[in-house]
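# A look at the structure
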Amino acid sequence: MFAFEEEYRFALGLVKEAARLFIPAYNTHKNVEEKETSADLVTETDKAIEELISKSVKEKYPQHGFIGEETVSANGTVVFEDKPTWIVDPIDGTMNFVHRFPNSCIVIGFTVNKTPEFGVIYNPILDQLYTGRRGYGAQLNGFPLSVTGETRLARALLITEMGGWHDPDVVATKARNIAAVCTEPDACHGVRMQGSAALNICAVASGAADGYWESGMHIWDMAAAICVLKEAGGVVVSPKSGEDFSLLKRRIVAASSVELATVLQSKVQHVEYKSD
């Protein structure tokens with residue numbers, strides 16, 4: 001049996017409970033605040049969902065660690081330790097949520113010794129539940145997931161994001177990266193932007209896309225989805241060649257094969273952000 005089955009089942013219940021806050025708010029007027037930039041948004045629903053999950057976890061598992069996006073935004077500190085830790089994004093894709101673009105999700109990751117043990121990602125609008133348990137595979141609504149295994153850039157559908165940072169140099173670097181993978185020879189099939197890092201990684205896990213790269217996301221965007229991707233046979237590396245991937249470094253290449261990950265590393269230039 002999976003060593004953390006109890007915690008996993010608890011997380012499944014939490015995302016469904018959180019969805020009862022998410023769904024009614026989706027089509028209503030939202031009180032929106034800006035955080036670091038004009039495109040870095042938070043709503044009352046983000047805060048309410050994180051409070052629900054945080055309170056529930058701390059009551060049931062008081063010795064566990066907890067990292068939540070809105071908690072960190074308020075105090076500016078990520079404390080990532082070896083002890084069992086819940087890593088939560090109450091709404092990944094808040095911009096989509098605000099605009100009623102149906103690609104946002106509730107994210108719960110669980111790590112032990114800084115290793116993701118399970119991930120639960122739920123898009124309540126499309127009723128898509130992605131799950132992964134280390135050593136026990138990945139699923140979408142109960143059906144097994146598997147990456148495509150694509151190795152060639154010229155046959156790959158890719159995902160990236162421009163992100164919420166509008167600094168001209170950052171925008172220019174990210175635009176050059178898109179051009180690099182879309183230019184002959186070996187141009188990819190196309191590049192998509194969906195507005196949710198967790199769902200982007202899950203798209204690779206499900207075989208809907210072959211690769212994804214981005215700089216600027218946070219530990220709560222990646223921890224849960226990385227577990228899903230790896231359990232589906234995918235690969236995670238740093239876009240910075242020679243650097244080991246870290247959940248705290250705020251950059252990722254997620255791919256359906258080692259070969260494609262290596263090609264993306266050689267094509268895209270990472271953007272330096274302050275680590276979590």
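Anyway, here's the lowdown on the structure attached to this text. (Residues numbered from 1 in each chain as written. Predicted model: local features only at pLDDT ≥ 70, side-chain atom pairs only at ≥ 80, totals over all residues. Heavy atoms only, no water.)

### Some details on the state of the cysteines
One covalent bond between the sulfur atoms of two cysteine residues makes up a disulfide. Test applied: Any pair of cysteine sulfurs within 2.5 Å is marked as a disulfide. The buried label goes to any residue with under 20% of its type's maximum accessible area, the exposed label to any with over 50%, and the partly exposed label to all in between, with areas taken from a 1.4 Å probe on protein chains only.
Per the stated rule, a full pass over the model turns up zero disulfides. The closest cysteine sulfur to the non-disulfide-bonded Cys-182 is located on Cys-188, 4.0 Å from its own sulfur. On the accessibility criterion, Cys-182 (37% relative accessible area) is partly exposed.

### Focus: the nonpolar core
Quick note on the threshold: Among buried residues, those of type Ala, Val, Leu, Ile, Met, Phe, Trp, Tyr and Cys that are joined through side-chain atoms within 4.5 Å constitute a nonpolar core. Secondary structure elements follow DSSP: runs of H or I of four or more residues count as helices, runs of E of two or more count as strands, with numbering from the N terminus. Whether two residues are in contact is decided by their heavy atoms, any of which lying within 4.5 Å being enough.
If you look at the biggest cluster of nonpolar residues, it comprises 38 residues, and the most contacted ones within it are Ile-67, Ile-121, Tyr-212, Ile-219, Leu-229 and Ile-252. Of all elements in the fold, only β5 (105-112), α6 (197-206), α7 (219-231) and β14 (251-255) reach the threshold of two or more residues within this core. Tallying contributions element by element places α7 first for this core, with nine residues. Beyond its immediate chain neighbours, meaning those up to four positions away, Leu-229 contacts Val-147, Ile-201, Val-204, Ala-205, Gly-234, Val-235, Val-236, Ala-254 and Ala-255.

### Observations concerning the environment of Phe-4
Inspection of the secondary structure puts Phe-4 in the segment before α1 (5-26). What makes Phe-4 buried here is its relative accessible area of 17%. Linking Phe-4 and Leu-129, residues 125 residues apart in sequence, is a C-alpha distance of 19 Å. If we skip the residues at most four places from it in the chain, Phe-4 touches Phe-110, Val-112, Glu-117 and Phe-118.

### Digging into the sheet that holds strand β7 (residues 128-133)
Basically, it comes down to this: Whether two strands pair comes down to DSSP finding at least two bridges between them. Fitting a line to C-alpha atoms yields each axis, with helices limited to the stretch in contact; the angle taken between N-to-C directions then spans 0 to 180 degrees.
Ordered by their spatial adjacency, seven strands build an open sheet running β3-β4-β5-β6-β7-β8-β9, and the pairing between neighbours is mixed. In this open sheet, the two edge strands, each paired with only one partner strand, are β3 (65-68) and β9 (143-144). Judged from the six bridges that link them, strand β6 (residues 115-123) and β7 form a sheet pairing that is antiparallel. Paired with Ile-121 across the strands is Tyr-130, a residue of β7. Each of β3, β4 (85-92) and β5 touches helix α2 (residues 44-60); the most contacted strand, β4, lies at about 160 degrees to it.

### Quick look at α7
Basically, it comes down to this: Multiplying 1.5 Å by the helix residue count minus one yields the expected span of that helix. Note that the bend at a residue is defined as the angle between axes fitted to the seven residues ending at it and the seven residues starting at it.
With 13 residues, α7 ought to run about 18 Å at 1.5 Å a step, and its terminal C-alpha atoms sit 18 Å apart, in line with that. The principal kink in α7, of about 30 degrees, is found at Ala-225. Among the 13 residues that make up α7, 11 are buried, leaving the element largely enclosed by the rest of the structure. Among the residues of α7, Ile-219, Trp-220, Asp-221, Met-222, Ala-223, Ala-224, Ala-225, Ile-226, Cys-227, Val-228 and Leu-229 are the ones counted as buried. Directly beyond the C-terminal end of α7, a positive phi value near 95 degrees is found at Gly-233.

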